[in-house]
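One-letter residues, chain by chain:
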Amino acid sequence: MSRSVELLKKRYLKNIKEEPDLFIGIELEYPIVNLEGEATDIEVVKDLFRYLPSVLGFTIEKVDDFGNPIQLLDPVSQDTILFEVAYTTIEFAFGKAESIQEVEERFRAYMDTIQKKLGESNHAIVGSGIHPYWEENENQPVAYPRYQMLMAYLNLSRSVTSIGLHDFPEYGAFICGSQVQLDVSRSNYLRVINAFTQIEAAKAYLFANSEFSGEDWNTKISRDIFWEESMHGIYPENVGVNTRLFKDEDDFFDYLDHSAIFTVERDGETYYFYPIRAKDYLGTPEIHAFALDGEEILLYPQEKDFQTHRSYQYQDLTTRGTIEFRSVCTQPLDKTFASAAFHLGLLLNLDKLEAYLRTAPFFTTAGRDYKSLRRQFSKKKLTDEEESAINEFSKALLLLAEEGLEKRGKQEMTYLQPLKEELGL
């Protein structure tokens, strides 16, 4: 086994339990918009973050370079409210919960307070996967090393125009997603990754919510293009839908070994550089890196740099013993928890899901190139045949999810209702 694979295994397998309790971790990102259709006033948003600790009982966990609160923590629930990359995007990262209802209850309470406060300045949170007024905003990162590094790294695409990347390296400031993390075990995590890779076409159909006005892209999920045709996607193994199903653990880690390392820390400073595959990293003699102020520096690879490794696959094995499902756009506010319920229900019905996917009629006609199926079924207009096929596929998955939630007995099926109505179930 190569040293890079050893380090990746150590990083990603150390917290996987053999028989974990099933907890739910939900992260929701939202654009904060100026209701007058102009740029979001970031002073309004910074003021919101100064106001929230006093009314919600949160503590200030992180501040930006100017002392403004940018991450707030509730010591009891471990919920975090933070900026995601830019001051125009707010994220709710909920502490692990036993049911979706728990999360919804807290979310509603936070939203009531926040929408009221923002409303005083004619601003609001909206349920969209793209900031509606992205063009009016400055799209600058929060003044904090992690976000400054990310935006500067993505901006490197301007100097590698030959490889067909898009022209919006600032996209991190205006795209928003809805993520769910679920506990997995050493014996089922690969099964989960493989099963959910196969349903990305249906997820594209059910949850698309990020049409982009800046380009004539034939997709309702511009997030995919932003990710895949940016610096994050230079190596296809680094981002998006997995290009294959995995035979075993070694096959999976070989795939991860082809993903990228692009940032490290040295003496408390953050540096970034053109992406290097994990498998080639330790053998790279020296790295031409950039500091946050743009200054160039020579770095030498160290094993500890694998601690900053992060890939962006849509079925992402985390360092916390969970799979994070990352491919869903932020949903309209009346569908906030539909995605979490859908993933949870299918995980709880994994045996039946796998059995269904082996013989699903959808794949007979559509084929099994899962990456291109997602792109195909997120198009703005589907043919009648496509519409019919994806509708049937999605219905079957929805019923399996509902059955999984019913068996669990926590009354979470209600969150699937908006999807059932859309599909005419």
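The paragraphs below set out a description of the structure included in this document.

Here the focus is the environment of Val-45. Relative to the helices and strands, Val-45 is located in helix 2 (residues 42-56). For Val-45, the contacting residues outside a window of four places in its chain are Ile-32, Thr-40, Phe-83 and Tyr-87.

In any sheet, the strands associate via hydrogen bonds between backbone groups, in a parallel or an antiparallel arrangement. The strand order 9-10-11-12 describes an open sheet built from 4 strands, whose pairing is antiparallel. Because the sheet does not close on itself, it has two edges, and the strands there are strand 9 (260-266) and strand 12 (296-299). Ignoring strand direction, the axes of neighbouring strands in this sheet form an average angle of 35 degrees. As paired strands, strand 10 (residues 269-277) and strand 11 (residues 287-291) are joined by 2 bridges and run antiparallel to one another. Directly across from Tyr-271, in strand 11, lies its bridge partner Ala-291. Those strands touched by helix 4 (residues 145-155) are strand 9 and strand 10, and its axis lies near 35 degrees from that of strand 10.

Turning our attention to the packing of helix 6 (residues 200-207) against helix 10 (residues 338-348). At a minimum axis distance of 12 Å, the contact between helix 6 and helix 10 shows a crossing angle of 155 degrees. With respect to their mutual orientation, helix 6 and helix 10 come out roughly antiparallel. Relative to helix 10, the crossing made by helix 6 is right-handed. Residues Lys-203, Leu-206 and Phe-207 of helix 6 lie in contact with helix 10, whose contacting residues are Ala-338, Ser-339, Phe-342 and His-343.

With 25 residues, helix 14 (residues 384-408) ought to run about 36 Å at 1.5 Å a step, and its terminal C-alpha atoms sit 36 Å apart, in line with that. Just downstream of helix 14, Gly-409 is the residue with a positive phi angle, here 75 degrees.

Turning to the nonpolar core, a few remarks are in order. By size, the foremost hydrophobic cluster in this structure holds 134 residues, and its most contacted members are Ile-90, Phe-92, Ile-114, Tyr-189, Phe-342, Leu-353 and Phe-393. Each residue touching Tyr-189, except ones within four places of it in the same chain, is listed here: Leu-13, Ile-16, Val-184, Glu-249, Phe-252, Phe-253, Leu-317 and Ile-323.

A word on the pattern of salt bridges. The final tally for this structure, using the stated rule, is 32 salt bridges. Across the pair Asp-79 and Arg-106 runs a salt bridge, and its minimum N-O distance is 2.5 Å. Of this pair, Asp-79 sits in the loop between strand 3 (69-73) and strand 4 (80-84) while Arg-106 sits in helix 3 (residues 100-119), placing them 27 residues apart in sequence. Arg-106 carries the same exposure label as Asp-79, and that label is buried. Across the pair Asp-254 and Arg-244 runs a salt bridge, and its minimum N-O distance is 3.6 Å. In this pair, Asp-254 is assigned in helix 8 (residues 249-256) and Arg-244 in the loop between strand 8 (239-240) and helix 8, connecting sequence segments 10 residues apart. On the basis of relative accessibility, which here comes to 35%, the residue Asp-254 falls in the partly exposed class. Three or more residues are tied together by salt bridges with common partners; here these are Lys-9, Arg-186, Glu-249 and Asp-250.

Consecutive side chains of a regular strand alternate in pointing toward one face of the sheet and then the other. Note that strand 11 and strand 12 share 4 bridges and pair antiparallel. Bridging from a neighbouring strand, Phe-290 pairs with Glu-296 of strand 12. A loop of 4 residues connects strand 11 with strand 12, the two strands running antiparallel in sequence, and Gly-294 in this loop sits at a positive phi of about 90 degrees.

A few words now on a negative patch on the surface. A grouping of Glu-265, Asp-267, Glu-269, Asp-293 and Glu-295 is seen on the molecular surface, where their side chains present a negatively charged patch. Relative to the helices and strands, Asp-293 resides in the loop between strand 11 and strand 12.

What follows covers the packing of aromatic side chains. Evaluated as defined, the whole model comprises 44 aromatic pairs. Here the aromatic rings of Tyr-171 and Trp-227 are separated by 6.3 Å at their centres, their planes lie at 65 degrees, and the arrangement is edge-to-face. On the criterion of sequence distance, the pair formed by Tyr-171 in the loop between helix 4 and strand 7 (178-183) and Trp-227 in helix 7 (residues 222-228) is long-range, its members being 56 residues apart. Judged by centre distance (5.0 Å) and plane angle (65 degrees), the ring pair of Phe-246 and Tyr-255 falls under edge-to-face. Each of the two residues, Phe-246 as well as Tyr-255, counts as buried. An aromatic cluster is defined as three or more aromatic residues linked by ring pairs; in this entry it consists of Trp-134, Phe-168, Tyr-171, Phe-174, Phe-212, Trp-217, Phe-226, Trp-227 and Tyr-312. A cation over a ring is seen here: Lys-96 above Phe-23, with NZ or CZ 4.5 Å from the ring centre. It is Lys-117 that lies over the ring of Tyr-51; its NZ or CZ is 4.6 Å from the centre.

How each quantity is defined
Residues numbered from 1 in each chain as written. Predicted model: local features only at pLDDT ≥ 70, side-chain atom pairs only at ≥ 80, totals over all residues. Heavy atoms only, no water. Helix = DSSP H or I, 4+ residues; strand = E, 2+ residues; numbered from the N terminus. Contact = heavy atoms within 4.5 Å. Pairing = 2+ DSSP bridges. Axes fitted to C-alpha atoms, helices over the stretch in contact; angles between N-to-C directions. Parallel < 35°, antiparallel > 145°, perpendicular 65-115°, else oblique. Left-handed = near helix turned anticlockwise from the far one by under 90°. Expected span 1.5 Å × (residues − 1). Core = buried A, V, L, I, M, F, W, Y, C linked by side-chain atoms within 4.5 Å. Buried < 20%, exposed > 50% of the residue type's maximum accessible area, 1.4 Å probe, protein only. Salt bridge = Lys/Arg side-chain N within 4 Å of Asp/Glu carboxyl O. Patch = residues over 30% accessible without salt bridge, like charges linked within 9 Å, V, L, I, M, F, W, Y side chains within 5 Å. Areas by Shrake-Rupley, 256 points an atom, 1.4 Å probe, with all protein chains shown as cover. Lys, Arg positive; Asp, Glu negative; His and termini not counted. Charge placed at Lys NZ, Arg CZ, Asp CG, Glu CD. Phe/Tyr/Trp six-rings, centres within 6.5 Å; stacked < 30°, edge-to-face > 60°. Lys NZ or Arg CZ within 6 Å of the ring centre and 35° of its normal.

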